[in-house]
Amino acid sequence: MTTKRILSGMQPTSQLHLGNYLGALKNWVTLQEEGSECLYCVVDLHAVTVAYDADRLAQATREIAAAYIAAGVDPAKSSIFVQSAVPGHSQLMWLLATMTQMGKLERMTQFKDKAGKDKERAGLGLFAYPVLMAADILIYNATHVPVGDDQKQHLELSRDIAATFNTRYGTEHFIQPDPYIMGAATRVMSLRDGTQKMSKSAESDMSRINLIDDADMIAKKIRKAKTDPASLPETTAGLEGRPEAANLVTIYAALSGQSKDAVLQAFGGKEFSVFKPALVDLAVAHLAPITARMNDLLGDVSEIDNILRRGADKANEMAAPMVDETYKIMGFWR
Ligand code: TYM
């Protein structure tokens, strides 16, 4: 049996929310506990492709690392590191950029969303973002990449770039990574609009539950979450056309580790006035220890910095020979 090598990352753009947690981070811990070799990265180079606060970047990076650890990523089992501390990512990105078609990058929905109407003014970094992401993954020959549903298209491009390289140079140098889109909540939706993804960039903070929210804030956000007037259905088929109800049931299922059917067996026929308080209790019980641990860790950043340094040493040990080998295959003087 070949062991899995897992790589994933999150941007230090702002606080992590429940979507990041249920769609990705919670699954990272599951994979670590299964004994896979895991590399978890804070992708700071990706975060500067949009307007950002330079004075906050280093601290935001530590906060994301603290969230990883607080959620259960164990630095003794998994490598936790910062992307910019491993120069190989940017080096490999350049090489891969030479074999990535602009047409493919133009089709990336995240680019279209982030660039907005005025594509001419979007930065090259934003455009090339998926190539850097491919480099993040291919540099470790990761076999599996646990992400939320929104990253599927980027993963397909990473596979495509790996295949292009292998074909062009007649080699098996890069493994084509598989996306790992796991769990009940692969796409957590906004609490204000069940048709929109829960996101860091949404204007209203009431649309998301942040990992740093305290119990009162979580309760307030769930109480005010948009719903419809009907009671909860008995089966998942009854969630059809009810995006807000479907979202809250999905969140409950993911937090409790139950199926949606099981949740509806318990709450089918009940009003939201019954379901919401139960969801508040579940969310608070699940998230409060994570928030507390995060705050604890951030009280002494030297511990986080040491973990990140050790993680970068390990990552560099793996990445540097891979970049070197890539140069050699491409015919560079060495
Ligand atoms: P980022 O920082 O936007 O999001 C981090 C992770 O959270 C998932 N996610 C969600 N999952 C479910 N529901 C949601 N509403 C939701 N919002 C976000 C994302 O799918 C992601 O898994 N491009 C990546 C970062 C990246 C990366 C990589 C990931 C850079 N290099 C290499 C994996 C491997 C991103 O923007 O994630």
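All residue numbers refer to positions counted from 1 along the written sequence of the respective chain. Local features in this predicted model are restricted to residues of pLDDT 70 or higher, and side-chain atom pairs are both shown and tallied only at a pLDDT of 80 or more, whereas totals for entire chains, interfaces and linings draw on every residue. In computing side-chain values, all of the structure's heavy atoms are included and hydrogens and water are not.

Peer 1: Help me understand the domain arrangement of the protein in this model?
Peer 2: Here the limits of each domain have been adopted from an automatic or database domain assignment. Domain annotation of the protein identifies domain 1 (5–180 + 300–329) and domain 2 (205–296). Each of domain 1 and domain 2 has a C-alpha centre, and these two points are 30 Å apart. We define a salt bridge as a contact between a side-chain nitrogen of Lys or Arg and a carboxyl oxygen of Asp or Glu at a distance within 4 Å. Our enumeration of links across domain 1 and domain 2 arrives at 0 salt bridges. Here a polar contact is recorded for every N or O atom pair within 3.5 Å, except that within protein the pair must consist of a potential hydrogen donor and a potential acceptor, and residues adjacent in sequence are included only if both atoms are side-chain atoms. Counting every contact that joins domain 1 to domain 2 gives 4 residue pairs in polar contact (both at pLDDT 80 or more). Runs of H or I in DSSP of at least four residues are treated as helices and runs of E of at least two as strands, each being numbered from the N terminus. Going through the elements one at a time, α1 (18–33) and α3 (54–71) are the ones with two or more residues in the side of domain 1 that touches domain 2. Here the side of domain 1 that touches domain 2 is built from residues that sort into 10 nonpolar, 2 polar and 2 charged. Lys, Arg, Asp and Glu make up the charged group, whereas Ala, Val, Leu, Ile, Met, Phe, Trp, Tyr, Cys and Pro make up the nonpolar group; the residues left over, Gly among them, are polar.

Peer 1: Got a minute to help me understand a positive patch on the surface in this structure?
Peer 2: Together, Arg192, Lys220, Arg223 and Lys224 make up a region of like positive charge exposed at the surface. Positionally, Lys220 belongs in helix α9 (residues 215–223). Among the residues examined, Lys220 registers a relative accessible area of 36% and is labelled partly exposed. Here a patch means residues that are over 30% exposed by relative accessible area and free of salt bridges, tied together within 9 Å if like-charged and within 5 Å if nonpolar (Val, Leu, Ile, Met, Phe, Trp, Tyr). The method behind every accessible area is Shrake-Rupley, applied with a 1.4 Å probe, and residues are considered shielded solely by the protein chains displayed. The charge count treats Lys and Arg as positive and Asp and Glu as negative. His and the chain ends do not count. For this purpose, a charge sits on NZ of Lys, CZ of Arg, CG of Asp or CD of Glu. Classification of residues uses two cut-offs on accessible area relative to the type maximum, computed with a 1.4 Å probe and protein chains only: under 20% is buried, over 50% is exposed, and between them is partly exposed.

Peer 1: What is the right way to read the pairing of strand β2 (residues 37–42) from this model?
Peer 2: Each regular strand displays side chains that alternate between the two surfaces of the sheet. With 5 of its 6 residues buried, β2 lies for the most part within the structure. Paired strands are those between which DSSP finds at least two bridges. With 6 bridges joining them, strand β1 (residues 5–10) and β2 adopt parallel strand pairing. Bridge pairing in β2 links Leu7 to Leu39. The parallel pair β1 and β2, bridged by α1, forms a crossover whose chirality is right-handed. One ladder, built from 4 bridges, connects β2 with strand β3 (residues 79–82); its direction is parallel. Note on β3: the bridge partner recorded for Cys41 is Phe81. Whether a crossover is right-handed comes down to one check: with the strands pointing away from the viewer, does the path from the first strand over the helix to the second run clockwise; if it does, it is right-handed.

Peer 1: Can you walk me through unusual backbone geometry in this structure?
Peer 2: With glycine set apart, most residues show a phi of negative sign, and most peptide bonds adopt trans. You will see that Asn141, though not glycine, has its phi angle at about 50°, which is positive. Here Asn141 lies in the loop between α7 (124–138) and β4 (144–146).

Peer 1: Got a minute to help me understand the nonpolar core in this structure?
Peer 2: Buried residues of nine kinds, namely Ala, Val, Leu, Ile, Met, Phe, Trp, Tyr and Cys, make up a nonpolar core once their side-chain atoms join them within 4.5 Å. Residues Leu18, Tyr21, Leu22, Leu25, Tyr68 and Phe275 are the most contacted members of the largest nonpolar core, which totals 64 residues. The greatest single-element share of this core, amounting to 11 residues, is contributed by helix α12 (residues 272–298). Split by domain, the residues of this core number at least three in each of domain 1 (5–180 + 300–329) and domain 2 (205–296). Contacts are assigned to residue pairs that have any heavy atoms within 4.5 Å of one another. Apart from the residues within four sequence positions on either side, Tyr21 is in contact with Lys26, Ala71, Leu211, His286, Leu287 and Ile290. Ranked by size, the runner-up nonpolar core spans 42 residues in total, among them Ala115, Ile139, Val145 and Val147.

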